[in-house]
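# Structure at a glance
Spelled out from the first residue to the last, the chains are:
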Amino acid sequence: MNSEINKLANGRYNVGQMIGTGGMADVYLGKDTRLDRDVAIKVLRRDLAKDPAFVARFRKEALAAGGLNHPGIVAVYDSGEENDSPYIVMELVSGITLRQLMLNEQILSQRSLEIIKGILQALDYSPSKSIVHRDVKPGNILIGLGGQVKVADFGIARALGANIEEALTEVGSVMGTATYLSPEQAQGAQPD
């Protein structure tokens, strides 16, 4: 782990072991010392932290996800930047990704329906806050130890509405995981 990020926000967050990684960021187990709770801390990768476009997108993710309050969406508690390392402090969901679950075991049809229902409830809520996820895939769905379903990673979400300057990513740009793109995204059109 980068020793420069052992503590964030003037020591409020203690950063522990890496628990996940993605295309833009690494996720660490953390401790909120002020509220005495475990958290997940997503830190923009150092190589990307030098690119203003990635930093802006990362900050917009924090704003987008921070405005969502739904039991099926990973909660965002805080965000900031320290030692040129932008970070997002999130709810810690102990469990595995849907991708890991699919690789490790056969999912019975009843459980599949429960998981799909949880995902759809979260995805039905986010447009009510003018956010479309745009990267829904098994790796961005968390299954908690108690079986709860949580949608994570609003890194390439797009704000709905006419004001293009409010968009989290540019209209016409194709972003996301190719095998999971919606038809309109694959065509370069605005997601709906």
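Right, let's walk through the structure included here. (Residues numbered from 1 in each chain as written. Predicted model: local features only at pLDDT ≥ 70, side-chain atom pairs only at ≥ 80, totals over all residues. Heavy atoms only, no water.)

## Observations regarding the sheet that holds strand β4 (residues 37-44)
- One open sheet holds the 6 strands; their spatial order is β1-β2-β3-β4-β6-β5, and the pairing between them is antiparallel. Single-partner strands in this sheet number two, and they are β1 (7-8) and β5 (76-82).
- Strand direction decides the pairing type here: strand β3 (residues 25-32) and β4, joined by 8 bridges, are antiparallel. Residue pairing for β4: Tyr28 is matched across the bridge by Ile41. (Pairing = 2+ DSSP bridges. Helix = DSSP H or I, 4+ residues; strand = E, 2+ residues; numbered from the N terminus.)

## Here we look at the pattern of salt bridges
- One pass over the structure, following the stated rule, counts 9 salt bridges.
- Ionic pairing is found between Asp38 and Lys31, a salt bridge with its closest N-O pair at 3.7 Å.
- Judged by relative accessible area, which is 45%, Asp38 ranks as partly exposed.
- Overall, the relative accessible area of 29% leaves Lys31 in the partly exposed class.
- When the shortest N-O distance is used, the salt bridge between Arg37 and Asp32 registers 4.0 Å.
- Overall, Arg37 belongs to the partly exposed group, its relative accessible area being 28%.
- Connected through salt bridges with shared partners, the residues Arg12, Asp32 and Arg37 form a single ionic network. (Salt bridge = Lys/Arg side-chain N within 4 Å of Asp/Glu carboxyl O. Buried < 20%, exposed > 50% of the residue type's maximum accessible area, 1.4 Å probe, protein only.)

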